[in-house]
Structures are given as structure tokens and as C-alpha cells.
Amino acid sequence: MSGHDHSHSHDHSHGFGHHHHEQPKLDHLNAAFIWGIILNSAFVIIEVVAGLLTGSLSLLTDAGHNLSDVVGLALALLAFKLTKVGSNSNYTYGYKRSTILVSFFNAVILVASIGIIVYEAVIRFIHPQVIEGDTIAWVSLIGIVINAFTAWLFVKDKDTDLNIKGAYLHMAMDAVVSLGVVIAGVIIYFTKLYWIDSVVSLIIAIVILRGTWSLLKDSLRLAMDGVPKEMNLAKIKAELKKAEGVVDVHHMHVWALSTTENALTAHLVIAPADLHLFDSIKADLRHRLLHLDINHSTFEPEFSNEKCDEPDC
């Protein structure tokens, strides 16, 4: 960019009603997270008591896993609360990015939980333990009801935000785990084949990993300032070039501010004679970008008779 007196647009568009992935409304999500935290905390207590009374390692292990779910739900709720906190001199975008960090952390917890399930399954397979199948089955039935209900609270919004998807996967995974434990408990009660518990656990782990892997990849991508997967850079650039007065687009960057908001910066190549139209060009582009799920945009003019000094122009 040559040494001209360039105007920089730092205005941000906040027309959430115009883009496809609206900021999730906390009025119903608050209740979903709170119910999930309360119900799963109660279930952890039930599992710990039942595990200690029966000496069931599987129930105690699952209680620890469910406790991690409670922590994950609490962190996701905190992240949504932080998105409402205003910006300041140290965090000029506020704390919106906390939603990305929490979604990544929750994905890591899910993967770690799978690792624990596999490890415990292998150990129990090598060293089978006597298990009270009926007690495990009844306790796990409670888990199915609690986890399935909690997952249902998030199912409507799971595709709008990675944190909600993470919460949904946590709860759905636990419901599947509990179902597997019920099946294993019933089989063990009638057959005394204790290795069934390990086999069911391994099958469950594989099913969970398939559903968790995309969450881990997506959250890591956003944490690394990667282009959100639903964004098509070629399509965005083509849309920007449709605006009257825009000759070309250089040095374009697209990244996620949070799990629901995206941002863009770009150099707009315009004719020197059209510099006075730059404000109207920006307004037109912001309207176009809202329909592409980009809420915040910053543009810099670059004259068509000059050469851009940026290496990726």
C-alpha cells in the first residue's frame, strides 16, 4: 500500500437478524444449561453412592466421567455469559473468544473420556471383576433418562453453535453409554459373563469418537484463526467484487470472533476517482456480508494505479 491518505473503516455491523446463524438467545439456553448441571450433579451423587455400596468400579468411573460433563456444561454457560460482557481497553472484542476456547476444551474432555473408557474396558477384560448386573442396570436406567432429557434440551440449537453441539454430544454420549451399561448389566445378570461389560464399552467408545472428532477439528480450526468451515473464500471474494466501484479484492482474511460471529478484513482495489464513493461501497459490502454470516468487517482502500506491497496480494 503506497503512502496515500487512506481511510480505514472500523465500523462493525451488528445486524444479527440478517445472517443465517443468529446469536443463540440465552433466555432458553440458560435454563437448558442449568437443568443439565443440576440433573447431572444429582446423578453423579447417585452413581458414587451406588458404586461405593456395590463395589462397582464401572459406576465410579462413569461418575467421574459425568462430573467432567458437569464441569463442561458450567464452562459453556460461563462462556455464553462472557459474550455479553462489553469490550474494554485490554479486550477490544470483549470475551467472545471464550466460546471457542470452551468448545475446544470440551472436545478435548470428550476425547479424553473416550480414552479412559477404552483403558478401563481393556483392564476389565484382562482382569474380569464380579459385577452386580441388576444394580448397574437400574442405576444406568436413571442415567439414560437424565442424559437423554438434557440432550433433548440442546437438540434444537446444536447446529447453531459449537458449544451447544458440545453439550449435546456430551449428553447424547452419556445416554448411549448408559444404554450400553444397561444392556451389559442385564446380560451379566443372567449369564455371569463379566467380559461383556468391556466389549460393550469398546463399542460405545468407537461410536462416541465418530461423533466427537468433527467437534474437535472444528473447535481447533477456530482456535487457530482458521476460516470457519462453512465459509467459502472464493464465494466471499466474488460477492465483494460485485459491488459497484470495486475493481479487485486483496489481502482478505476471514476468521471467527466467537462460535457464532465471524469477521473479515480486506483491501478493496478502487479507482482513484471513486475514493469519494468509499463510504457507500462499504455500506453495500457490509449488507452483502451479513448474508454470508460475516458480522464484523473492516476495509482498506487500495488504488488501482498502485501496486500492493503486501506479500499475499
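Below is a summary of the structure that appears in this document.

What counts as what
Residues numbered from 1 in each chain as written. Predicted model: local features only at pLDDT ≥ 70, side-chain atom pairs only at ≥ 80, totals over all residues. Heavy atoms only, no water. Core = buried A, V, L, I, M, F, W, Y, C linked by side-chain atoms within 4.5 Å. Buried < 20%, exposed > 50% of the residue type's maximum accessible area, 1.4 Å probe, protein only. Helix = DSSP H or I, 4+ residues; strand = E, 2+ residues; numbered from the N terminus. Contact = heavy atoms within 4.5 Å. Salt bridge = Lys/Arg side-chain N within 4 Å of Asp/Glu carboxyl O.

### Comments concerning the nonpolar core
Counting 27 residues, the largest nonpolar core has Val 177, Ile 208 and Leu 215 as its most contacted members. Where this core is concerned, the elements lending two or more residues are helix H1 (26–54), helix H3 (98–126), helix H4 (133–155), helix H5 (162–191) and helix H6 (196–223). Of all the elements, H6 adds the most residues to this core, at eight residues. The contact partners of Val 177, leaving out residues within four places of it in the chain, are Asp 62, Ile 117, Ile 204 and Ile 208. Grouped together as the second largest cluster of nonpolar side chains are 20 residues, Ile 270, Ile 281, Leu 289 and Leu 292 included.

### Some words on the pattern of salt bridges
According to the stated counting rule, one finds eight salt bridges in the structure shown. Arg 97 is paired through a salt bridge with Asp 225; the nearest N and O atoms lie 2.6 Å apart. With a gap of 128 residues between them, Arg 97 in the loop between helix H2 (57–82) and H3 and Asp 225 in the loop between H6 and helix H7 (233–241) connect regions that are remote in the sequence. Asp 225 gets classed as partly exposed once you look at its relative accessible area, which sits at 43%. Linking Glu 239 and Arg 288 is a salt bridge whose minimum nitrogen-to-oxygen distance equals 2.8 Å. One end of the pair, Glu 239, is in helix H7; the other, Arg 288, is in helix H8 (residues 278–290), and 49 residues separate them in sequence. Take Glu 239: its relative accessible area is 18%, and that puts it in the buried class.

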